[in-house]
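# Per-entry structural report
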Amino acid sequence: MNTFWLSTSAHLQFACVVFAFVSYLLIPKGERKAFQLVWLFLSASLLSEVSGFVGGFLLRKNMNLISNIQAMAVGPTLLLFYRQQISFEQYKSLASAAILSLFAFGIVDLIWIQGPMAPNSYVKICNSFCLITSGVIYFFSLARDLPTKTLSSFPMFWINTSILLGFSGAFMAHLATDYLLNSLQEKDYKTWIATWTVHNSIGALSYVGIGWAFILAKRGKH
Amino acid sequence: MLILAGAIVLFITFYQKKMVEARLKQQLLESQFQQKVLEATLDSQETERSRLAGDLHDSIGGMLSAVRVGLSAIARQMPNPNAMDAQKQMLDDTIESVRKISRDLMPATLEKFGLIPAVRELCERMRITTQIEIGVVELGVSRKIERKRELMIYRITQELLNNAFKHSRATYIEVVFDFRENLYLIVEDNGIGIDVKQEEEAGRKSLGLFNIRNRVQLLGASVSIDREKKDGSKIIVCVPYE
C-alpha cells in the first residue's frame, strides 16, 4: 500500500460520514430523538474530517488539535448513548463513571501528557476500549431481551455493529501508531500507511452501517 | 481485535435467531396450554350445566308435575274444587320456571335440531319476556358444525342478546347468520349504540364479555364492533370453518 490508497481511503471515509449525516436528516423529526447522540458523534466526526481535509490535506497544517477535541467528545457521547440503550443497572453506573473519567483524561492528555498538537492516541485507545466493551455488553443485552425477530432490520443492531467494528479498527490503529512512532528506532512508514488505510476503510464501512441504520429507522423499523 | 469483533457480531446474529425461535416455540406452547385449560374449563362448565338442566327437568320438574297431579286429585275431592286454584296456579308457574331455567342452562333444541332452531327458540322466549322484537336472518346454506362449536356460538349469541337487552334500549334486534364464506354472526340493534372506550373499560370487569372473549378465542374467531353504524350497534363475530 502507498499514500494513494491512504488518501483514497481517507476521502472515502469522508464521503461515508457525509452519507451517514445526510441519512440522519432523512428520519422524520419526531423519530430522531433516539439517535440524537449518534448524530452528535457524526457531527464531531464530520467536523474533524472537514478540518483534516481542508487544513491537513489542502493547507498542509497540523489539525491534530481539532481531532483531539473530537476524540475527547466522541467517547463520552457514545457512552451516554449506550447508557440510554442498555438496561443493566450496573452498566449504567459504570458508564457514568467512565464518561467522567474519559472526559477528565481527555483534558489531561490534551494539555499535559501528549499535548494539543500531537495525536492524543492514549485517550483514543481508552475511548475505543470503553466503546468496544459497551458494544459487546449491548449485544449481550440484545440477546437477552430479544427486542426484534430479525436483527438485520433493527437499526440499533447496525449502529452497534458499526461502532464495535469501527472502534476495533481505531483501537488497533492507535496502538500500532503508538508502537510504530514511539517505540521503534527506525520509523516504519509502510506499516503505518497500511494500518491507517485499513483504519480508514473500516471507518468508512462503519459510517455506511450507521447511515443504513438511519435509513431503516426512516422506514420505521425500530 | 477486528476479527474478534466480527466474530462477536456473527455469533450474536446466529444466537439471536436461535433464541427468537426458542422463545416463539415457548410462547406457542404456553398459548396452547392456556387454550387447553380454557377449553377444559368451558367444557366442565357446559357439562355441569347439562347435568343441572337434566336434574332440574327430570327430577325436580317430574316431582313438581306429580305434586300438581296430586293437588288436582285432592281438589276434586274437596267440597269446593276451585278452592285450590291459586295454589295450582303457583305450582304451574313454578313448573314453568324450572323448565325455563333448565332450557336456559342447556337448550334441548340445540341438541335435537341444531343451531338456528335453537337461536330462533331463544329469541322467541326473549321476545316474550322483554317485549322487544327480534328477527333471525339466515344467509347462505347452513353447514354442519361440530356440536361443541355450535354450543359456543349459541352461548355467544345468548350473551350478545343479553347485553343488547340490558344496555342498548333498543326496540328491534336482528340476529344474522351468514354461512357463505366463514360463519358470520351479526347482532344488530337500533338502540343507543356502543361507546367503544366505555365498552373496553367494562370488558375488563364484565363476566359476560369475558366469556364471549374466551369462547371467541377457542373458536379461533374474531369479534368486532362496526364503528360506522350511527344509530344503534352492530357486533360482528367471524367464525372460520375448520
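Below, the structure is looked at part by part.

Criteria and thresholds
Residues numbered from 1 in each chain as written. Chains lettered and ligands numbered in written order. Predicted model: local features only at pLDDT ≥ 70, side-chain atom pairs only at ≥ 80, totals over all residues. Heavy atoms only, no water. Helix = DSSP H or I, 4+ residues; strand = E, 2+ residues; numbered from the N terminus. Buried < 20%, exposed > 50% of the residue type's maximum accessible area, 1.4 Å probe, protein only. Contact = heavy atoms within 4.5 Å. Pairing = 2+ DSSP bridges. Axes fitted to C-alpha atoms, helices over the stretch in contact; angles between N-to-C directions. Salt bridge = Lys/Arg side-chain N within 4 Å of Asp/Glu carboxyl O. Buried area = accessible area lost by both parts, 1.4 Å probe. Polar contact = N/O pair within 3.5 Å; in protein donor to acceptor, adjacent residues only side chain to side chain.

What follows covers the overall build of chain B. Each helix and strand counted, chain B has 7 helices and 5 strands in total. Counted from the first residue to the last, chain B has its helices and strands arranged as α-α-α-α-β-α-β-β-α-α-β-β. Counting every position in chain B, which comprises 242 residues, the buried fraction comes to 37%. Restricting the contact set of chain B to residue pairs at least 6 apart, pairs at least 24 apart contribute 68%.

Attention now moves to the sheet that holds strand β2 (residues 172-178) of chain B. Adjacent strands of a sheet pair through backbone hydrogen bonds, lying either parallel or antiparallel. Residues and elements named next belong to chain B. If you walk across this open sheet you meet the 5 strands as β1-β2-β3-β5-β4, and the pairing is mixed. The sheet is open, and its two edges are formed by β1 (133-139) and β4 (222-225), each paired on a single side. On average, each strand axis in the sheet is inclined to that of its neighbour by 15°, with strand direction left out of account. With 7 bridges connecting them, β1 and β2 associate as parallel partners. Bridged to Glu138 within β2 is Phe177. Lying over the sheet, helix α5 (residues 147-168) contacts β1, β2, β3 (183-189) and β5 (233-239), oriented at roughly 15° with respect to β3.

This next bit is on the pattern of salt bridges. Residue and element names in this part refer to chain B. Evaluated as defined, the whole model comprises 20 salt bridges over all chains. Note that Asp85 and Lys88 form a salt bridge whose closest N and O atoms lie 3.8 Å from each other. A residue pair is termed a helical-turn pair when its members lie 3 or 4 positions apart in one helix, as Asp85 and Lys88 do in helix α2 (residues 85-105) at 3 residues. Since its relative accessible area comes to 36%, Asp85 is described here as partly exposed. Judged by relative accessible area, which is 17%, Lys88 ranks as buried. Where Lys234 meets Asp226, a salt bridge forms, and the shortest distance between an N and an O atom there is 4.0 Å.

So, about the interface of chain A and chain B. With 19 residues of chain A at the interface, the matching set in chain B holds 14 residues. Summed over both partners, the interface of chain A with chain B buries about 1500 Å², with 83% contributed by carbon and sulfur atoms. On the chain A side of the interface with chain B, the three residues burying the most area are A:Leu146, A:Lys149 and A:Leu151, jointly 32% of the side's total. Our enumeration of links across chain A and chain B arrives at 0 salt bridges. Run the count over chain A and chain B and you get 2 residue pairs in polar contact (both at pLDDT 80 or more).

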